[in-house]
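Read off the chains here:
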Amino acid sequence: MMMGCCSKMICNGCDYANKMREFAENLRHKCPFCRDPIPNSEAKAEAKFIQRVEANDPVAIREMGVRQYNDGDHESAFEYFTKAAGLGDVDAHFCLSSMYEKGIRVGKPHPLFARQHDVWGSMFGEGMPTLTSLMNEEGIDGSTKLTTLLGIGEKDEKKEMYHLEKAAICGHIEARYNLAICEKMHDRIYRAVKHWIIAANL
């Protein structure tokens, strides 16, 4: 879990141990890193988190990107990850590599799909319009890829590898493992094994 006051990461076990120590000594619950009192409400905790984002804390910015990604706003997530990576956050590089590997591009679905949903809802049981007919009405070129309309871009292996390497160099175990998988897929077994050995020793 991330401490909203200072953006430090702490595992659940260490957090529990700290709470037990404070309980035994009748102390107020504080952050084990910066000793700032833990907010007593979600609203205050969120305000602390936003302060860290506005202060250009790379960990907080990356966590905001994770939130946006989980909410389906991949465009905003991409921007937050890119900013956090530029500030040196290793996990942000790994997140970007994942986005490039999956082909999630910076962009939102074409408004056509929102309209298609409305039209289908109003015509349910009376026949449903085809995607081609709706594209013609919207004046969309028939050669336009469906992935583009959906907001899904082409996979970019070069950028994926770039961010994987950046993360791996900084000691990211999953990035190092994924690099090994990429090397294996290209029949570069010797290099793959080297990556796996490094990952196993981290």
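Up top is the structure these notes are about.
Attention here is on the structure that accompanies the text. The model shown is predicted, which means the values in this text are computed figures rather than measured ones. (Residues numbered from 1 in each chain as written. Predicted model: local features only at pLDDT ≥ 70, side-chain atom pairs only at ≥ 80, totals over all residues. Heavy atoms only, no water.)

### Considering the packing of aromatic side chains
Following the criterion strictly, the structure yields two aromatic pairs and no others. Between the aromatic rings of F78 and Y100, the centroid separation amounts to 5.8 Å while the plane-to-plane angle is 85 degrees, which identifies the pairing as edge-to-face. You can see F78 sitting in helix α4 (residues 74-86) and its partner Y100 sitting in helix α5 (residues 90-102), a full 22 residues away along the chain. Assessed through its relative accessible area of 15%, F78 is described here as buried. Note on Y100: relative accessible area 14%, which makes it buried. An angle of 45 degrees between the planes, with centres 6.4 Å apart, marks the rings of Y177 and W196 as tilted. On the criterion of sequence distance, the pair formed by Y177 in helix α10 (residues 173-185) and W196 in helix α11 (residues 189-201) is long-range, its members being 19 residues apart. The class for Y177 is partly exposed, based on a relative accessible area of 43%. (Phe/Tyr/Trp six-rings, centres within 6.5 Å; stacked < 30°, edge-to-face > 60°. Helix = DSSP H or I, 4+ residues; strand = E, 2+ residues; numbered from the N terminus. Buried < 20%, exposed > 50% of the residue type's maximum accessible area, 1.4 Å probe, protein only.)

### A short note on the packing of helix α9 (residues 157-169) against α10
Interhelical geometry of α9 versus α10 gives an angle of 135 degrees and a closest axis separation of 8 Å. When the axis of α9 is compared with that of α10, the two are oblique. Crossing of α9 over α10 shows left-handed handedness. Judged by residue contacts, E160, M161, L164, E165, A167, A168 and I169 of α9 engage A175, R176, N178, L179 and C182 from α10. Counted by class, the contact of α9 with α10 contains eight nonpolar, one polar and three charged residues. (Axes fitted to C-alpha atoms, helices over the stretch in contact; angles between N-to-C directions. Parallel < 35°, antiparallel > 145°, perpendicular 65-115°, else oblique. Left-handed = near helix turned anticlockwise from the far one by under 90°. Contact = heavy atoms within 4.5 Å. Nonpolar A, V, L, I, M, F, W, Y, C, P; charged D, E, K, R; others polar.)

### Quick look at unusual backbone geometry
Not every positive phi belongs to a glycine, and R35 is a case in point at roughly 65 degrees. Residue position: R35 is located in the loop between α1 (12-24) and α2 (42-54). Residues other than glycine seldom take positive phi values, yet D187 does so here, at roughly 60 degrees. Overall, D187 belongs to the exposed group, its relative accessible area being 65%.

### Here's the deal with a nonpolar patch on the surface
Together, I173, I198 and L202 make up an exposed nonpolar region whose accessible area comes to about 260 Å². Relative to the helices and strands, I173 is located in helix α10. (Patch = residues over 30% accessible without salt bridge, like charges linked within 9 Å, V, L, I, M, F, W, Y side chains within 5 Å. Areas by Shrake-Rupley, 256 points an atom, 1.4 Å probe, with all protein chains shown as cover. Salt bridge = Lys/Arg side-chain N within 4 Å of Asp/Glu carboxyl O.)

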